[in-house]
Amino acid sequence: MHRQALAYAVLRGDQALAAAGLSLVEEPLYGNWSEGWGRAAAAMLLDRREETDAILCGSDQIARGVLDTLRERGRSVPEDVAVMGFDNWRAFTDGARHGLTSVDHNLQEIGRAAAQALFQAMDGQRRSGIELQPGRLVIRASTRGVG
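The rules behind the values
Residues numbered from 1 in each chain as written. Predicted model: local features only at pLDDT ≥ 70, side-chain atom pairs only at ≥ 80, totals over all residues. Heavy atoms only, no water. Helix = DSSP H or I, 4+ residues; strand = E, 2+ residues; numbered from the N terminus. Buried < 20%, exposed > 50% of the residue type's maximum accessible area, 1.4 Å probe, protein only. Contact = heavy atoms within 4.5 Å. Areas by Shrake-Rupley, 256 points an atom, 1.4 Å probe, with all protein chains shown as cover. Pairing = 2+ DSSP bridges.

Novice: Give a description of the overall build of the protein that names residues and reports values.
Specialist: A count of helical and extended segments in the protein gives five helices and four strands. In sequence order, the protein lays out its α and β elements as α-α-β-α-β-α-β-α-β. Within the protein, the fraction of its 147 residues that count as buried is 29%. Here the contacts in the protein between residues at least 6 apart in sequence split such that 66% fall between residues at least 24 apart. Summing over all exposed atoms, the protein offers an accessible surface of approximately 9,700 Å²; the carbon and sulfur share of this is 54%.

Novice: An account of the pairing of strand β3 (residues 101-104) is requested, with residue identities and associated values reported.
Specialist: Here β3 shows a buried face lined by Thr-101 and Val-103 and a second buried face lined by Ser-102 and Asp-104. Strand direction decides the pairing type here: strand β2 (residues 82-86) and β3, joined by three bridges, are parallel. The residue bridging Met-84 from the neighbouring strand is Thr-101, located in β3. Judged from the three bridges that link them, β3 and strand β4 (residues 136-138) form a sheet pairing that is antiparallel. Bridging across to β4, Asp-104 finds its partner in Arg-136.

In structure tokens, the structure reads:
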């Protein structure tokens, strides 16, 4: 299910890029959700596309690995390459050498809404369908001054 959701996000991202007159320079890479995978994926991407100027990662943990590889290769963040993660996991975003820009899924609100829906279902008030919860972009040093 997670891969399906990610594929949908990529599709939506392609639409947003097209609206801005941009496109992906490489197909998304998939692997373990770890710093090690982030390091390996960044190395593969930079070997194929040295001119890469932005990397969007599926998690903050992956993004931390990407930041390691960029530093090892002498690339400056965000001057040469902007990096962004997902989750807004403070252990990773605040602990990064460059504060990591991240998408905050608003998990506290998602949990609250899920619990409320569960209690309502237990009381016989069932709901169906998809309920969207807004997220937010938390901009930090890894993308500052880009664009």
